[in-house]
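# Coordinates in review
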Amino acid sequence: MSETAAFEPRVVGFLCTWCSYAGADKAGAAQLPSPDNFLPIRVMCSGRVEPEFIIRAYTEGADGVLVLACHPGDCHYKEGNSRALQRNRLLRKLLDSFGIEPERCRLDYVSAGEPEKFTRVVSETVEAVRRLGPLRLSREGGLNDGSNDA
Amino acid sequence: MECDGKPGKPKLAVYWGGSCGGCEIALVNLGERLLALDERLDFFFCPCLLDRKNKDVEELDDGAIALTLFNGAARTTENLEMARLLRRKSRLFVAYGACASSGGIPALANLDTPGSLSRTVFLESPTVENPSRHVPGSSSPYCTPALSLPKLTGSILPLSAIANVDYLIPGCPPEPETVWSAIAILTGADLPPKGSVVGAGTVPVCDECSRIRGEKRLRRFVRFHEAVPRDGECLLDQGIVCMGGATRSGCGALCPGANVPCSGCYGPPEGVADQGAAMVGALGSVLDPGELAALPEGEMAARTDALFEGIPDGAGTFYRYSLAGSLLRRRRP
Ligand code: SF4
Ligand code: SF4
Ligand code: FES
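Residues numbered from 1 in each chain as written. Chains lettered and ligands numbered in written order. Predicted model: local features only at pLDDT ≥ 70, side-chain atom pairs only at ≥ 80, totals over all residues. Heavy atoms only, no water.

## Looking at the site of ligand 2
Around ligand 2, the neighbouring residues are Thr247(B), Cys251(B), Cys255(B), Pro256(B), Cys262(B), Ser263(B), Gly264(B), Cys265(B) and Tyr266(B). Of the residues in the shell around ligand 2, the class split is six nonpolar, three polar and no charged. (Near = heavy atom within 4 Å. Nonpolar A, V, L, I, M, F, W, Y, C, P; charged D, E, K, R; others polar.)

## Section: the pairing of strand 1 (residues 11–16) of chain B
All names here are of chain B. With respect to burial, strand 1 is a largely interior element, five of its six residues being buried. Pairing between strand 1 and strand 2 (residues 42–45): three bridges, direction parallel. Each residue of the ladder has a partner; that of Ala 13, found in strand 2, is Phe 45. Where strand 1 lies against strand 3 (residues 65–71), six bridges are found, and the strand directions are parallel. Residue Ala 13 lies in a different strand from strand 3, and its bridge partner there is Thr 68. (Buried < 20%, exposed > 50% of the residue type's maximum accessible area, 1.4 Å probe, protein only. Helix = DSSP H or I, 4+ residues; strand = E, 2+ residues; numbered from the N terminus. Pairing = 2+ DSSP bridges.)

## Description of a nonpolar patch on the surface
Residues and elements named next belong to chain A. On the surface, Trp 18, Met 44 and Tyr 77 cluster together into a nonpolar patch covering about 330 Å² of accessible area. Here Trp 18 is to be found in the loop between strand 1 (11–16) and helix 2 (20–29). Taking relative accessible area as the criterion, Trp 18 reaches 40% and is therefore assigned partly exposed. (Patch = residues over 30% accessible without salt bridge, like charges linked within 9 Å, V, L, I, M, F, W, Y side chains within 5 Å. Areas by Shrake-Rupley, 256 points an atom, 1.4 Å probe, with all protein chains shown as cover. Salt bridge = Lys/Arg side-chain N within 4 Å of Asp/Glu carboxyl O.)

## Quick look at helix 9 (residues 275–283) of chain B
For helix 9 of chain B, the buried fraction is high: seven of the nine residues fall into the buried class. When we look at burial in helix 9 of chain B, the residues that qualify are Gln275(B), Gly276(B), Ala277(B), Met279(B), Val280(B), Gly281(B) and Leu283(B). Looking at the buried residues of helix 9 of chain B, the elements they touch are helix 3 (51–59) and helix 4 (80–97) of chain A together with helix 12 (314–318) of chain B. If you check the start of helix 9 of chain B, you find a side-chain oxygen 3.3 Å away from the backbone N of Gly276(B), and it comes from Asp274(B). (Contact = heavy atoms within 4.5 Å. Polar contact = N/O pair within 3.5 Å; in protein donor to acceptor, adjacent residues only side chain to side chain.)

As structure tokens, then:
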């Protein structure tokens, strides 16, 4: 079996309690199929998700992160989801410098009444991360690979 | 030769790894207080200022040096060896300055593809002219017996990942007040808990900055060379990327005081693990949300990207001094 075939990605989700968490609940109640590679964490608002949480998810073993927010205009704290979007765009740019593909850091909008969209976005994210392969960070030092001996 | 230094006085070592020498200059910047320091401590080992050899350190008993201030990054195998040697010989082993504490400028090379540092620097960099395509190596075929030099490390790690570090002194370089108060603490009776940052504050630089902060509703970021900062007003409010909010206090907000944005040299404040993440969080909260309100959902991301175009190198800006100490530490292999 090839390594990619054996690879089951782990995707951590930060779900706003007012919208996507309720949407996920509905998806569960309706028994919509949803990949079990998804580890949801309930937050009060997408604006509560600090970039450090997302980076920590990677260093703790996540291959991808999905933040699910209320639709624009629907955030219960008014601007939480605009902040979340702004942070997401800047963080994706930053992660790119570390060789971490933007697809591993996704933000989308799911309301309480969109269980189908919830399962679709989660499956899409899991499949995108599966195609990218394991994240495999390395914090070790080691020696230069010998190119300084060239 | 009196390799033990002067008897009676506790020994001080100041050593450099991959560094620019600025941390030694910061020590000399103590001015006349250096004489007071010399009265209390014996400057035993400091290759930048004194002619004592590594061998003299090797011959000491373990723990014979009272205090070692190790500055610079561990860029070569020699730096690693010296860090471990000095750790063994010292009762207090201190990461002195940004490079030792969290990688500093040399650690920006961690953003290069691992293992390709020499190629980048000597062959591929756009300003390099190297027609013979010579890349310095760790041994020379032109000498008999063969000459060997220390190898480069694969990436820069913080000093604390190489040897057990007792305390850290931040700054690039640390300000004289920071150095002085750190040395007072380290030579005093009441030592703070191991692993503490000494000589600096705990809160963000903004807290000691005299510029007035208003409500932030930015419509664009301006690069520093394009801006003429207005007096008295927070630089970030003016769209200039100032790291004060994600940087440890202790310098007295020197740079914003001189019309220059803080570039983050004291590392993250107490309780913040990752300076870059903190900066993304901060900058993701200063744009005017009104910019997005009227747009259809699908266009918001592109509009946001356009607003961030004024920050062409986020990683190099937000982690300028703290990459090796950050959560990700280096580019993926
Ligand atoms: S962001 Fe910079 S200029 Fe503004 S208050 Fe903080 S340190 Fe001062
Ligand atoms: S203002 Fe920032 S960059 Fe300037 S000395 Fe202080 S911490 Fe360092
Ligand atoms: S309350 Fe749902 S995103 Fe803010």
